[in-house]
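One letter stands for each residue in the lines below.
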Amino acid sequence: MKALPADLAAVCRRMQTERSVGLAVHERPDTDALGAAAGMLDLFAQLGVESRLHVDQEEILPFEERHFPLGTVIRGLPLAGLPLYALDCGSLERLALPLETWDGIVVNIDHHHDNARFGDVVYVRGEASSTSELVCDIARALELRPSLQAAEALFAGISFDTGHFRHDSASAATFDTAGWLVGLGVDVTTVFTLLYEQGSVEALRLWARAIAGARVVAGGRALVATLLLSDYAAAGASEEETEGIVDSLRSVDGVELAALVKEQSRGPRVRVSLRSSSHDVSEIAALKGGGGHRLAAGFSSDDGPVEVTMWLSSELEKRLLTASC
Ligand SMILES: [Mn+2]
């Protein structure tokens, strides 16, 4: 093996000596988490290691699950003592698995800048675009070529976390990795269509409701939209069909901060997505116990949607109109 950074080498060594492992991802796993999982499952298979993705009983997987080579996703913990590979997850508390009874080795592979660096082997790169990109680094270090299906899932993970290569997290290394995956046969249009062109008329009507009702804050420097359960019902859309709304709010000229407040029928009463072009929104999310990235973060709350919308509007206004932001 070529000279590798010590943490990457440690992960590779560990993977080569495993016999059977469990994989875990963050709660409400997104395309990057599942893309990274699909990539790791493929690498482990090539190394002759048994591996399965584990999530909690109630966890809802996004539709990509059907298109990614994830094998049989196990509902519940791996066998006691198995090494657990945590992917795309900033802290043990955010894993889509209850770990109170866990006593095995934990390998932490992630790109969140606020990662708690938990676990016995830590491969965390805050500057990486995505965990899928880190899994590609592992594949290349191990001199393994992911299968076409796994390569597509990894490309999808990178595309998703960079807003299809728009955000500044898309570095020269990211494009190099994407080029490597295209070289393995990934069809860019196929992945784009899967991720961004699966919308329904109902989802479009939901977008219309969110955008039509968005509150203009701080003279147009922020937009805050709210979706109530009654909006989903009126549009005929499901609560999962909100992807991209907050980014479209953020894309408006002059908007520095955008927020989408979503009322939920299960789990915490409200979930909030925050986006910015320049301000650290993970700081705002942390005020309510959430987290994420500097320019994309979120939190959940058991307060009502109107209350959360009012709090956010005044918090964003205060930050934008003072020097603190
Ligand atoms: Mn990610």
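All values reported here derive from a predicted model rather than from experimental measurement.

Caption draft 1: Fine view of the overall build of the chain. For the chain, the count of helices and strands is 11 helices and 12 strands. Here the chain has a C-alpha radius of gyration of 20 Å; the compact-globule value for 325 residues is 20 Å, and the two agree. Structurally, the chain occupies a C-alpha span of about 55 × 40 × 40 Å along its principal axes. Counting across all 325 residues of the chain, residues that qualify as buried make up 52%. For the chain, the proportion of contacts with a sequence separation of at least 24, taken over those separated by at least 6, is 63%.

Caption draft 2: Geometry of the coordination of the manganese ion. Donor atoms from the polypeptide that bind the manganese ion are D32 (OD), D88 (OD), H111 (NE2) and D161 (OD), placed at 2.1 to 2.3 Å. Taken in chain order, the donor set of the manganese ion reads D-x55-D-x22-H-x49-D. Note that H111 is positioned in the loop between strand 5 (106-110) and strand 6 (121-124) and D161 in helix 4 (residues 148-161), a separation of 50 residues in sequence. Relative accessible area serves as the criterion here: at 2%, H111 is assigned to the buried category. Given a relative accessible area of 17%, D161 falls into the buried group.

Caption draft 3: A look at the pairing of strand 5. Within strand 5, 5 of the 5 residues are buried, which leaves the element mostly enclosed by the surrounding structure. Along strand 5, one buried face is formed by V106, N108 and D110 and the opposite face, lined by V107 and I109, is buried too. Two strands pair when backbone bridges link them, and strand 4 (residues 84-87) and strand 5 are joined in this way by 4 bridges, in the parallel orientation. When the bridges of strand 5 are listed, A86 appears paired with N108.

Caption draft 4: Examining the nonpolar core more closely. Of all hydrophobic cores here, the largest spans 54 residues; its most connected members are M40, I109, I138 and L181. Broken down by element, this core gets its largest block of residues, 9 residues, from helix 2 (residues 31-46). Residues L274, V308, L312 and L320 belong to the second largest nonpolar core, which totals 19 residues.

Caption draft 5: Looking closely at helix 5 (residues 172-183). Over its 12 residues, helix 5 runs 16 Å from end to end, which matches the ideal 16 Å to within 8%, given 1.5 Å per residue. Three or more residues of helix 5 are buried, namely T174, T177, A178, W180 and L181. Projected onto a plane normal to the axis of helix 5, the buried residues spread over an arc of 155 degrees and lie on a single side. Opposite the buried face of helix 5, by more than 90 degrees, sit the exposed residues A172 and G183. The inward-facing, buried residues of helix 5 abut helix 3 (131-141) and helix 4.

Caption draft 6: Molecular detail of the sheet that holds strand 3 (residues 74-75). Strand order in this open sheet of 6 strands is 3-2-1-4-5-6, and the pairing throughout is parallel. What marks the edges here is a single partner per strand, and that holds for strand 3 and strand 6. One ladder, built from 4 bridges, connects strand 1 (residues 20-25) with strand 2 (residues 50-55); its direction is parallel. Each residue of the ladder has a partner; that of S20, found in strand 2, is E50. Across the sheet, helix 1 (residues 6-17) is in contact with strand 4, strand 5 and strand 6; its angle to strand 6 comes to roughly 125 degrees. Against the sheet, helix 3 contacts strand 4, strand 5 and strand 6, and its axis sits at roughly 115 degrees relative to strand 5.

Rules of the game
Residues numbered from 1 in each chain as written. Predicted model: local features only at pLDDT ≥ 70, side-chain atom pairs only at ≥ 80, totals over all residues. Heavy atoms only, no water. Helix = DSSP H or I, 4+ residues; strand = E, 2+ residues; numbered from the N terminus. Rg over C-alpha atoms; globule rule 2.2 N^0.38 Å. Buried < 20%, exposed > 50% of the residue type's maximum accessible area, 1.4 Å probe, protein only. Contact = heavy atoms within 4.5 Å. Donors = N, O, S within 2.8 Å, 3.2 Å for Na, K, Ca; no water. Pairing = 2+ DSSP bridges. Core = buried A, V, L, I, M, F, W, Y, C linked by side-chain atoms within 4.5 Å. Expected span 1.5 Å × (residues − 1). Arc of directions from axis to C-beta. Axes fitted to C-alpha atoms, helices over the stretch in contact; angles between N-to-C directions.

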